[in-house]
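Descriptive analysis of the structure
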Amino acid sequence: MNSKAYDVLALIADRLIENRDYLTDLDREIGDADHGINMARGFGLVKEQLPKDEADIGVLLKKTAMILISKVGGASGPLYGTAFMRAGAVMSGKTALDPETLKEMLQAAVKGIQDRGKAVQGEKTMLDALIPAQQALDKGIEENKPLAECLADMAKAAAEGAEWTKTVKATKGRASYLGDRSIGHMDPGAVSSTIMLEALRDSIG
Amino acid sequence: MVGLVIVSHSAKIAEGVREMAEEISTNGVKIATAGGLADGSMGTDAVRIMEAVKEADSGDGVLVLCDIGSSIMSAEMALELMNEGLDSGAILAVIADAPLVEGAIAAAAEAGGGTSLEEVKAGAEETRTWPKL
């Protein structure tokens, strides 16, 4: 894994910015139509403000977290902020990523989101993309599959999880105010999580 | 004296609640706000909340009141980050499980009497069951 950490985060930012309107439209269906705007704003500033030559991956991830918690605005701020903060703690002092640390990092990030949001799998949240993704990555690494395959499995599981969120009613967040009307619509957070993991796959796979 | 922080997705709501709470408070209870984002858009900002807590603290602790949804997560994150790694100088701050307007007013009234953070929190949380009609 030789890509600079900054470049990975920059690709994540670019993908979220590209998908700004798509995410906003999803959020218009069952939320307050700002998820895309919020993510594009937050990650746009991440791309602008992170030091490009910082070698300590933990430092970059923690700086990302601090930008997200003050610039995203909605629930994704503290949720993704906590994820990046916890990932940053795992990567503190590290300048390279290997499969084991990647596994640890994603586990810590997902646990951070669970701790902060107090949701579990099945409640139509970003966890419905992230938990299957993390499990798929773990499985691939344990089975010693080539990294590119592990990352592909991870991203595919995330996308399938996001798709699954269409089938259930929201019980968390603004969508929960809509009850049954939220059925048939994907959770925007599950989609933005998928976009991020696909960018991760594409930049380090 | 316990200080208060008013957290809202909306700067206008936070300011308005502060105004109402200031009217009822005696002895100059410190009330700081953290409403909306720095660019004026709606949302909550954990860094801003941290700054507000520091502003409201005068050594006896701070009670944080939130509107709905993600403001609570932002506040929780703010409190975690604020005291991280501090050996001394940590601020005692807690979030009230109370409605924003009623809780802030009850808290301001309590705090003005010089009571403890626990009592101010309890005063705010009693308002959960106040009927409107």
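How each quantity is defined
- Residues numbered from 1 in each chain as written.
- Chains lettered and ligands numbered in written order.
- Predicted model: local features only at pLDDT ≥ 70, side-chain atom pairs only at ≥ 80, totals over all residues.
- Heavy atoms only, no water.
- Salt bridge = Lys/Arg side-chain N within 4 Å of Asp/Glu carboxyl O.
- Helix = DSSP H or I, 4+ residues; strand = E, 2+ residues; numbered from the N terminus.
- Buried < 20%, exposed > 50% of the residue type's maximum accessible area, 1.4 Å probe, protein only.
- Pairing = 2+ DSSP bridges.
- Axes fitted to C-alpha atoms, helices over the stretch in contact; angles between N-to-C directions.
- Contact = heavy atoms within 4.5 Å.
- pLDDT = per-residue confidence, 0-100.
- Core = buried A, V, L, I, M, F, W, Y, C linked by side-chain atoms within 4.5 Å.
- Arc of directions from axis to C-beta.
- Buried area = accessible area lost by both parts, 1.4 Å probe.
- Polar contact = N/O pair within 3.5 Å; in protein donor to acceptor, adjacent residues only side chain to side chain.
- Nonpolar A, V, L, I, M, F, W, Y, C, P; charged D, E, K, R; others polar.

Considerations on the pattern of salt bridges
All names here are of chain A. Under the criterion given, the structure shown has 24 salt bridges over all chains. Asp-14 is the salt-bridge partner of Lys-47, the closest N and O atoms lying 2.8 Å from each other. Of the two residues, Lys-47 is situated in helix 3 (residues 35–49) and Asp-14 in helix 1 (residues 5–18); the sequence distance between them amounts to 33 residues. Relative accessible area serves as the criterion here: at 31%, Lys-47 is assigned to the partly exposed category. With relative accessibility at 29%, the residue Asp-14 sits in the partly exposed group. Between Asp-25 and Arg-28 there is a salt bridge; the shortest N-O distance is 2.7 Å. On the criterion of helical spacing, the pair formed by Asp-25 and Arg-28 is a turn pair, its members being three residues apart in helix 2 (residues 20–30). Classification of Asp-25 as partly exposed rests on a relative accessible area of 39%.

Regarding the sheet that holds strand 3 (residues 62–66) of chain B
Residue and element names in this part refer to chain B. The strand order 2-1-3-4 describes an open sheet built from four strands, whose pairing is parallel. Single-partner strands in this sheet number two, and they are strand 2 (31–35) and strand 4 (93–95). The average angle at which neighbouring strand axes cross in this sheet is 20 degrees, direction not considered. Inspection of the sheet shows strand 1 (residues 3–8) paired to strand 2 by five bridges, in the parallel sense. Paired with Leu-4 across the bridge in strand 2 is Ile-31. Strands strand 1 and strand 3 of the sheet are contacted by helix 4 (residues 100–112), whose axis makes an angle of about 170 degrees with strand 1. Strands strand 1, strand 3 and strand 4 of the sheet are contacted by helix 5 (residues 117–126), whose axis makes an angle of about 20 degrees with strand 3.

Points about the confidence of the model for chain B
Per-residue pLDDT for chain B has a mean of 96; in total, 100% of the residues score no lower than 70. For this predicted complex, the interface score ipTM comes out at 0.92, while the overall pTM is 0.95.

Things to note about the nonpolar core
With 85 residues, the main nonpolar core has A:Phe43, A:Leu102, B:Val5, B:Val53 and B:Val64 as its most contacted residues. In contact with A:Leu102, not counting residues within four places along its chain, are A:Leu97, A:Leu137, A:Leu147, A:Leu151, A:Leu200 and A:Ile204. Ranked by size, the runner-up nonpolar core spans 20 residues in total, among them B:Ala14, B:Ala98, B:Leu100 and B:Ala124.

Things to note about helix 2 of chain A
Three or four residues apart is the spacing at which side chains of an α-helix point the same way, because the helix has 3.6 residues per turn. Residues and elements named next belong to chain A. Within helix 2 the residues assigned to the buried category are Leu-23, Thr-24, Leu-26, Asp-27 and Ile-30. Buried residues of helix 2, seen end-on, are gathered within an arc of 160 degrees and therefore sit on one face of the element. For helix 2, the secondary structure elements touched by its buried residues are helix 1, helix 3 and helix 9 (188–204).

Structural notes on unusual backbone geometry
Residues and elements named next belong to chain A. Unusually for a residue other than glycine, Ala-33 sits at a positive phi of about 55 degrees. As for its placement among the helices and strands, Ala-33 is situated in the loop between helix 2 and helix 3. Located in the positive-phi region is Lys-124, a residue other than glycine, with phi close to 65 degrees. With respect to the element layout, Lys-124 can be found in the loop between helix 6 (99–117) and helix 7 (127–142).

A short note on the interface of chain B and chain A
Each partner contributes residues to the interface: chain B has 19 residues there, and chain A has 19 residues. Taking both partners together, chain B and chain A bury about 1400 Å²; carbon and sulfur atoms supply 58% of that area. Applying the counting rule to chain B against chain A returns three salt bridges. Notably, a salt bridge pairs A:Arg41 with B:Asp39, separated by 3.8 Å at the nearest N-O pair. Counting every contact that joins chain B to chain A gives five residue pairs in polar contact (both at pLDDT 80 or more). Those elements that provide at least two residues to the side of chain B that touches chain A are helix 2 (46–56) and helix 3 (70–82) of chain B. Among the elements that make up the side of chain B that touches chain A, the one with the highest residue count is helix 3 of chain B (seven residues). In the side of chain B that touches chain A, the residues fall into nine nonpolar, six polar and four charged.

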